[in-house]
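Chain by chain, the residues:
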Protein chains: 2
Amino acid sequence: MPSISSRGKNVPMSPFRKLVPFADKAKDAGKHVYHLNIGQPDIETPLYALQKVRENQLKVLAYSPAVGQLSYRKKLVEYYRKFEIALTPDDIIVTTGGSEAIQFAMLSCFDIGDEVIVPEPFYANYNGFAQIGSLNIRPITCDIEDGFALPPVEAFEAVITDKTRGIFITNPNNPTGCFYSREDLTQLGRLCKAYDLFLFVDEVYREFCYDGKEFYSALRLEGLEDHVIVVDSISKRYSACGARIGALVTRNQGVLEAATRYAKLRLSPPGLAQILAEATLDMDDSYLGQVTEAYDRRRQVVYNRLQAMPGVVSYLPGGAFYCFAKFPLRSAEHFCQWLLEFFEHEGATVMLSPGEGFYATPGLGRDEVRIAYILNEQDLEKAMDCLEVALETYKAVEAAMEATPAS
Amino acid sequence: MPSISSRGKNVPMSPFRKLVPFADKAKDAGKHVYHLNIGQPDIETPLYALQKVRENQLKVLAYSPAVGQLSYRKKLVEYYRKFEIALTPDDIIVTTGGSEAIQFAMLSCFDIGDEVIVPEPFYANYNGFAQIGSLNIRPITCDIEDGFALPPVEAFEAVITDKTRGIFITNPNNPTGCFYSREDLTQLGRLCKAYDLFLFVDEVYREFCYDGKEFYSALRLEGLEDHVIVVDSISKRYSACGARIGALVTRNQGVLEAATRYAKLRLSPPGLAQILAEATLDMDDSYLGQVTEAYDRRRQVVYNRLQAMPGVVSYLPGGAFYCFAKFPLRSAEHFCQWLLEFFEHEGATVMLSPGEGFYATPGLGRDEVRIAYILNEQDLEKAMDCLEVALETYKAVEAAMEATPAS
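Residues numbered from 1 in each chain as written. Chains lettered and ligands numbered in written order. Predicted model: local features only at pLDDT ≥ 70, side-chain atom pairs only at ≥ 80, totals over all residues. Heavy atoms only, no water.

1. A closer look at the packing of helix H12 (residues 332–341) of chain A against helix H13 (residues 377–403) of chain A
Residue and element names in this part refer to chain A.
- Packing of H12 against H13 leaves a shortest axis separation of 11 Å and a crossing angle of 115°. As the angle between them shows, H12 and H13 are arranged roughly perpendicular. In terms of crossing hand, the pair formed by H12 and H13 is right-handed. Between H12, through His-334, Phe-335, Trp-338 and Leu-339, and H13, the contact on the second element is made entirely by Leu-387, Ala-390, Leu-391, Thr-393, Tyr-394, Val-397 and Met-401.
- When grouped by side-chain class, the residues that make up the contact of H12 with H13 number nine nonpolar, two polar and no charged. (Axes fitted to C-alpha atoms, helices over the stretch in contact; angles between N-to-C directions. Helix = DSSP H or I, 4+ residues; strand = E, 2+ residues; numbered from the N terminus. Parallel < 35°, antiparallel > 145°, perpendicular 65-115°, else oblique. Left-handed = near helix turned anticlockwise from the far one by under 90°. Contact = heavy atoms within 4.5 Å. Nonpolar A, V, L, I, M, F, W, Y, C, P; charged D, E, K, R; others polar.)

Structure, rendered in structure tokens:
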């Protein structure tokens, strides 16, 4: 039998992947599982945009231009203008989800063995896209004690080598919910300018900023026009994860040309979904306003409940719909599995993402989890009830495990 | 300014890409351009399937499973059964177009520097996917004089090295329209078995076989269950190129596991398009029957017209909707550009793909073109009128060029 490739055997997997069979088993056994492990919100996709898909009068569902429909890109220019970002349609390549934008960016800017600096914990799938492009991630560790604030630029500067081609951040952050300010971006921008590095910013949670924080896009950094590459997506913004429409945005002509070639290779982004995406831009801001308010309330629920749990370390996240929490236990991975396998509270349990998989540095995040607050407040309260009882119950489990010599 | 990657600068481009600005200019000048350069048919997407998209009652357009909706994969099992292919839904990974299936297959089976044998001329985008995976294509040259029939297995055997991991063919073939028989596949299968190679077959034109030829899928080869990987797509079958729904089909568990990991990385294939794809499988066979008959008539038009053109070498293609033709001139690329830039017949001209870009061996195909017969018969006749007059007119152009000393 021909054997598969080494890379095929070693594709990095999501931090909660090992837990999926346990979740399936729990559900098969009739247990309700509150899924706080994945960024799939329960928020409805805008009816207006779905309606436009229903009203389509297509006769031939043909390839769209490789870089996406011009009409859509023109409307995106208007959308970005609301964030004081000045663009032309040529600065935008429509991609198959944000995932493809990450891939195009990495292939266009990195050769085999090149390095990218990423603050950790980070979105775990960056590992897989880096593997495809054979580039190496150099992590900069952030700390839960200060809400995973961006480390000082000196920390970034210290790991720059002659292989370093860029810095990659997510703002607001998945998995930490950390919000990076204009000042943070300006500092990173200055460093990128000094060392001739690309600054990649995944801004797919742009709308979801709280406590009056104003989002500042890296595309606004002056003098960094050739350095900044933004990854975007409608998945979270319009709760349309299944549409698979994202965008790569940059003013760097070389990157645009290279990414366009990669785009041509796969012919076109999804056609039906571009109808939906374009329609979202004909809507007023009320949908996004309501959605942001809903996430804000959910954020408060999770924060308040975590604060009341003894020994739990967390913080009030500034954006996105995630937070990290540190639990008073040894192995969050074991705890998360135990939650699904053995725990039940009022017929339910909760699924979380163990924190370790979001770190590149071995050994970090073992007592941490990521919580995605993507359920309505009532369900979130119930999920937090489960978590509270579970943490209390688990103490005895852990004590018993430690008392039992490993066989 | 940070510079882009070497690979980003060198992404292989489509054979007709340089001609696009000339086509645009011709159209701007009011010339009608018959596009026979690209596989975007004018055939209507099945109304029944489009209607199912219109009737969708989705509230949240959520991620589908990474490997595609189970309901769709179950129906695909029935579809493949019509071709005497026995599968389970677990043997099928739904991809974002056939393009992504090619990419998943290459990443799962090849490491950097590994080699794949491909008969040339071949679908030029294989070059780009090979570049992403850093694998090398070893071409086996086919000959227009025998309709690009598959060379004897000895020719394949002769280029096998310790880096060779597989053979990749397209059946029926794009760009040649060549149909590979059960005997062809059996021979290749035997070779793959003997040398422990994967046999990749891109079968996206499976339905379009003519003259009573019966399609034989590589998935039917006995004893080759762990070797065969099939790339599929609904783009051509249902004239739904813009849907971006394909599939990777194999019974090799290792490949399925690796490809599933790559699938999870990009989260899910397009959701709306899966509704369309699934609906096509609830239709009876009349749509595909009519479409195949339409292509068959178009095929005859192109073949008959080419046969009547002095000095042109072509053949009756056995499948797909492409053929190659050899012209009595030095540079098909110059001729194709001249067609757009300077030629006009009754207000129109024709766009073809220069043949050279479909070969990996330097220097081959310079007097050849690919013709995609994706227009209706009336338009095809007019396009062939253009071509006939153009070939006649071009003689003097070429003679004049040769008489003029290069400045």
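2. Considerations on the pairing of strand E4 (residues 136–141) of chain B
Residues and elements named next belong to chain B.
- Relative to E4, strand E3 (residues 115–120) runs parallel, the two sharing six bridges. Looking at the pairing, Glu-115 lines up with Asn-136 of E4.
- Chirality of the crossover, the property in question, places the unit of E3, helix H6 (residues 125–133) and E4 among those that are right-handed. (Pairing = 2+ DSSP bridges. Right-handed = clockwise from strand over helix to strand, strands pointing away.)

3. Things to note about the packing of helix H11 (residues 286–307) of chain B against helix H13 (residues 377–403) of chain B
Residues and elements named next belong to chain B.
- For the pair H11 and H13, interaxial distance at closest approach is 10 Å and the crossing angle is 15°. In terms of axis orientation, H11 runs roughly parallel to H13. Crossing geometry of H11 relative to H13 is assigned as right-handed. Contacts between H11 and H13 involve Arg-297, Arg-298, Val-301, Val-302, Arg-305 and Leu-306 on the former and, on the latter, Glu-377, Leu-380, Glu-381, Met-384, Asp-385, Leu-387 and Glu-388.
- For the contact of H11 with H13, the per-class residue count stands at six nonpolar, no polar and seven charged.

4. Some thoughts on the relation of the copies chain B and chain A
- Its rotation angle being 180°, the transformation that places chain B on chain A also includes 0.0 Å of axial translation and leaves an RMSD of 0.0 Å. With respect to symmetry, the two chain copies, as superposed, fit the operation of a two-fold axis. Across chain B, the smallest distance between a C-alpha and the rotation axis is recorded for Arg-54 of chain B, namely 1.9 Å.
- When the interface residues of chain B are mapped onto chain A, 100% of them are again interface residues, pointing to one common binding face. (Least-squares fit on C-alpha atoms with pLDDT ≥ 70 in both.)

5. Observations regarding the sheet that holds strand E9 (residues 322–326) of chain B
Residues and elements named next belong to chain B.
- Judged by pairing direction, the sheet is antiparallel, and its three strands sit side by side in the order E9-E12-E11 without closing on themselves. Where the open sheet ends on each side, the last strands, each with one partner, are E9 and strand E11 (353–354).
- Across five bridges, the pairing between E9 and strand E12 (residues 368–372) is antiparallel. Counterpart to Phe-324 in the pairing with E12 is Arg-370.

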